[in-house]
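In case you want the letters, here they are:
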Number of protein chains: 2
Amino acid sequence: MTYELYYWPGLQGRGEFVRLVLEDAGEEYVDVGREPGGVKKLMRGLEHGLDGVFPFAPPYLRAGKLVLAQTANITRYLGEKHGLAPKTENGRVAASMIAMTIADLVAEVHDTHHPISVQQTYETQKATAKKRGDVFRKERIPKFTSWLEHMLEQNGRTLTGSSISYADLAAFQIVCGLEYAFPNTMKKQAKKLPKLLALRDHIAARPNIAKYLASPRRVPFNETGIFRQYPELDP
Amino acid sequence: MTYELYYWPGLQGRGEFVRLVLEDAGEEYVDVGREPGGVKKLMRGLEHGLDGVFPFAPPYLRAGKLVLAQTANITRYLGEKHGLAPKTENGRVAASMIAMTIADLVAEVHDTHHPISVQQTYETQKATAKKRGDVFRKERIPKFTSWLEHMLEQNGRTLTGSSISYADLAAFQIVCGLEYAFPNTMKKQAKKLPKLLALRDHIAARPNIAKYLASPRRVPFNETGIFRQYPELDP
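The model shown is predicted, which means the values in this text are computed figures rather than measured ones.

Conventions we followed
- Residues numbered from 1 in each chain as written.
- Chains lettered and ligands numbered in written order.
- Predicted model: local features only at pLDDT ≥ 70, side-chain atom pairs only at ≥ 80, totals over all residues.
- Heavy atoms only, no water.
- Helix = DSSP H or I, 4+ residues; strand = E, 2+ residues; numbered from the N terminus.
- Rg over C-alpha atoms; globule rule 2.2 N^0.38 Å.
- Buried < 20%, exposed > 50% of the residue type's maximum accessible area, 1.4 Å probe, protein only.
- Contact = heavy atoms within 4.5 Å.
- Areas by Shrake-Rupley, 256 points an atom, 1.4 Å probe, with all protein chains shown as cover.
- Lys, Arg positive; Asp, Glu negative; His and termini not counted.
- Charge placed at Lys NZ, Arg CZ, Asp CG, Glu CD.
- Pairing = 2+ DSSP bridges.
- Axes fitted to C-alpha atoms, helices over the stretch in contact; angles between N-to-C directions.
- Domains from an automatic or database assignment.
- Buried area = accessible area lost by both parts, 1.4 Å probe.
- Salt bridge = Lys/Arg side-chain N within 4 Å of Asp/Glu carboxyl O.
- Polar contact = N/O pair within 3.5 Å; in protein donor to acceptor, adjacent residues only side chain to side chain.
- Nonpolar A, V, L, I, M, F, W, Y, C, P; charged D, E, K, R; others polar.
- Least-squares fit on C-alpha atoms with pLDDT ≥ 70 in both.
- Phe/Tyr/Trp six-rings, centres within 6.5 Å; stacked < 30°, edge-to-face > 60°.
- Expected span 1.5 Å × (residues − 1).
- Bend = angle between axes of the 7 residues up to and from the residue.

**Focus on the overall build of chain A**
Across its full length, chain A carries nine helices and four strands. Mapped from its N terminus to its C terminus, chain A presents α and β elements in the order β-α-β-α-β-β-α-α-α-α-α-α-α. For chain A, whose C-alpha radius of gyration is 17 Å, the value lies close to the compact-globule estimate of 18 Å for 235 residues. In terms of principal-axis extent, the alpha carbons of chain A reach across some 45 × 45 × 30 Å. Considering chain A as a whole, with its 235 residues, one finds that 57% of them fall into the buried category. Considering only intrachain contacts with a sequence separation of at least 6, the fraction spanning at least 24 residues in chain A is 72%. Taken as a whole, chain A presents about 9600 Å² of accessible surface, with 53% of it coming from carbon and sulfur. For chain A, the distance from the average site of its 32 positive side-chain charges to the average site of its 26 negative ones is 2 Å.

**Some remarks on the sheet that holds strand β2 (residues 29-31) of chain B**
Residue and element names in this part refer to chain B. Strands sit in the order β2-β1-β3-β4 across an open sheet of four strands; the sheet is mixed. Every interior strand has two partners, whereas the edge strands, β2 and β4 (66-69), have only one. Adjacent strand axes in the sheet meet at a mean angle of 20 degrees, parallel and antiparallel pairs treated alike. With three bridges joining them, strand β1 (residues 3-6) and strand β3 (residues 60-63) adopt antiparallel strand pairing. Within β3, the position partnered with leucine 5 by the bridge is leucine 61. Running over the sheet, helix α2 (residues 38-48) touches β1 and β3 and is turned about 95 degrees from β3.

**Quick look at the domain arrangement of chain A**
All names here are of chain A. Taken as a whole, chain A is organised into domain 1 (3-81) and domain 2 (89-206). On a C-alpha basis, the centres of domain 1 and domain 2 stand 22 Å from each other. Each partner contributes to the interface: domain 1 provides twelve residues, whereas domain 2 provides 14 residues. In total, about 1200 Å² of surface goes out of reach between domain 1 and domain 2, with carbon and sulfur atoms giving 68% of it. Counting the contacts that link domain 1 with domain 2 gives two salt bridges. Note that arginine 92 and glutamate 80 form a salt bridge whose closest N and O atoms lie 3.9 Å from each other. For the pair domain 1 and domain 2, the interface holds two residue pairs in polar contact (both at pLDDT 80 or more). Looking at the side of domain 1 that touches domain 2 residue by residue, the classes come out as four nonpolar, three polar and five charged.

**Observations regarding the sheet that holds strand β2 (residues 29-31) of chain A**
Residues and elements named next belong to chain A. The strand order across the open sheet formed by four strands is β2-β1-β3-β4, and the pairing between neighbours is mixed. Pairing within the sheet leaves two strands with one partner each, and these edge strands are β2 and β4 (66-69). Averaged over all adjacent pairs, the angle separating strand axes in this sheet is 20 degrees, with direction ignored. Pairing between strand β1 (residues 3-6) and β2: three bridges, direction parallel. What sits directly across from tyrosine 3, in β2, is tyrosine 29. The sheet strands contacting helix α3 (residues 71-81) are β1, β3 (60-63) and β4, and the helix crosses β4 at an angle near 130 degrees.

**Here we look at the relation of the copies chain B and chain A**
Structural alignment of chain B on chain A gives an RMSD of 0.0 Å, achieved by rotating through 180 degrees and translating 0.0 Å along the axis. Within this description, the copies of the chain are treated as partners about a two-fold rotation axis. Relative to the rotation axis, the closest C-alpha in chain B is found at proline 115 of chain B, a distance of 3.3 Å. In this assembly the copies share their binding face: 100% of the residues contributing to the interface of chain B also contribute to that of chain A.

**Focus: the interface of chain B and chain A**
If you look at the interface, chain B gives 42 residues, while chain A gives 42 residues. With both chains or domains summed, chain B and chain A bury close to 3800 Å², and 62% of this area falls on carbon and sulfur atoms. Of the charged contacts in the structure, one is a salt bridge between aspartate 111 of chain A and arginine 132 of chain B, with a shortest N-O distance of 3.1 Å. Run the count over chain B and chain A and you get 14 residue pairs in polar contact (both at pLDDT 80 or more). Breaking the side of chain B that touches chain A down by element, the ones donating at least two residues are β4, α3 (71-81), α4 (89-113) and α5 (126-155) of chain B. In terms of residue class, the side of chain B that touches chain A is made up of 20 nonpolar, eleven polar and eleven charged.

**Brief notes about the packing of aromatic side chains**
The full count for this structure, using the stated rule, is 14 aromatic pairs over all chains. When the centroid spacing of 5.3 Å and the interplanar angle of 75 degrees are considered together, the rings of phenylalanine 56 of chain A and tryptophan 147 of chain B count as edge-to-face. With phenylalanine 56 of chain A in the loop between α2 (38-48) and β3 and tryptophan 147 of chain B in helix α5, the pair connects residues from two separate chains. In this pair, the class of phenylalanine 56 of chain A matches that of tryptophan 147 of chain B, namely buried.

**A word on α5 of chain B**
Because the α-helix completes a turn every 3.6 residues, residues three or four places apart line up on one side. Residue and element names in this part refer to chain B. The end-to-end C-alpha separation of α5 is 40 Å, in line with the 44 Å expected for 30 residues at 1.5 Å each. At phenylalanine 136, α5 shows its largest kink, close to 40 degrees. Once α5 ends, the next one or two residues include glycine 156, with phi positive near 120 degrees.

**A look at the side chain of serine 96 of chain B**
You can see serine 96 of chain B is positioned in helix α4. At a separation of 2.8 Å, a polar atom in the side chain of serine 96 of chain B contacts the side chain of asparagine 73 of chain A. Excluding residues within four positions of it along the chain, serine 96 of chain B makes contact with Asn73 of chain A together with Arg76 and Tyr166 of chain B.

Here is the structure:
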């Protein structure tokens, strides 16, 4: 089966969490938004639904007869299907908890550059972004990353269970994104996060992920995405 | 089995989404945070974990040998276990998608009064709250509520599947909360949301929910919760 991923072209965004699971699992997929006419298809799904499912926003995924939306919902489904999720019930709900918490963190990253309105440009809300960014750097990054580090201290090389799951892939992506958007802050945090950074390296070296990261399928981080490198937000 | 719900006392907050599922299912639970010494217990779980699980934040739930965190993760688990979730795979991922989208909306409601920092009081960020609140009232409330309405138009009396699920209970709660916090806006929206308001009434009349709403277990909405009635945010 070939999956169909529906996400905006030109940015990693929330779609990247889904791509990483598909790539690591070695599953075939079409990145619909990047195909000719793809954005139109994507918009049609948002307006009229896809097979009776109404995603609130991308990413959404067609998996044969199933259509799924919400990042942590999609990655849970794919992870459990393709050996990238714990097999015990404890592990399954723990991986889901971690993926949802990372999704919350992603929303907070977004709001550092769009603290007032998602519809308006960064430039119109820069002063507020500076304030929210300060709090995010000083309070939220340490809180979220130390939480991930702590779980690794307790569990070992993975966040939950004994092998890599979609929760670890999500952690990889959030670390890469934070390092791109907040390089100075993350440099300062580095010595407190040895296990999280080791997990990032470990994931980056997985054969399918390494191949993916070196391919044109990995969109470079850029300032239309969720992780944006605005120096004024990371002084 | 008696469930243990860990949530802050004195407010509905995110804990309420879990309470509603437990109450509707008629399951026994202890609301740990409201018991003597309960907040200390809750804090201990956040600091040291509970049975090896590390919730990032409340609510979290002990379900026998299982510990779960993240609202939409907990309600999915309870819903699927107690007949408050669709039985098909399509339905299960749809209910999860809806619950996660409502959780995103809850975070946006929170940020209308805390647009810069969760650690600081509303009073310190009132000017920004006004701006974010304006956008939320004008753009976000219509977008989220019309999305819910549209799904009801397509599916019937419930958001997904043929009987009430935890997704419907979450929709009930978000409507009640928005009506409390943004009464003027919701009054204006009302004629566009006949099905969503009918769902709210239908849920409120379910015997276990009606009993719950009339009981002291239902904490009244108040200005320490997520849904706050600040007239300046709903002119």
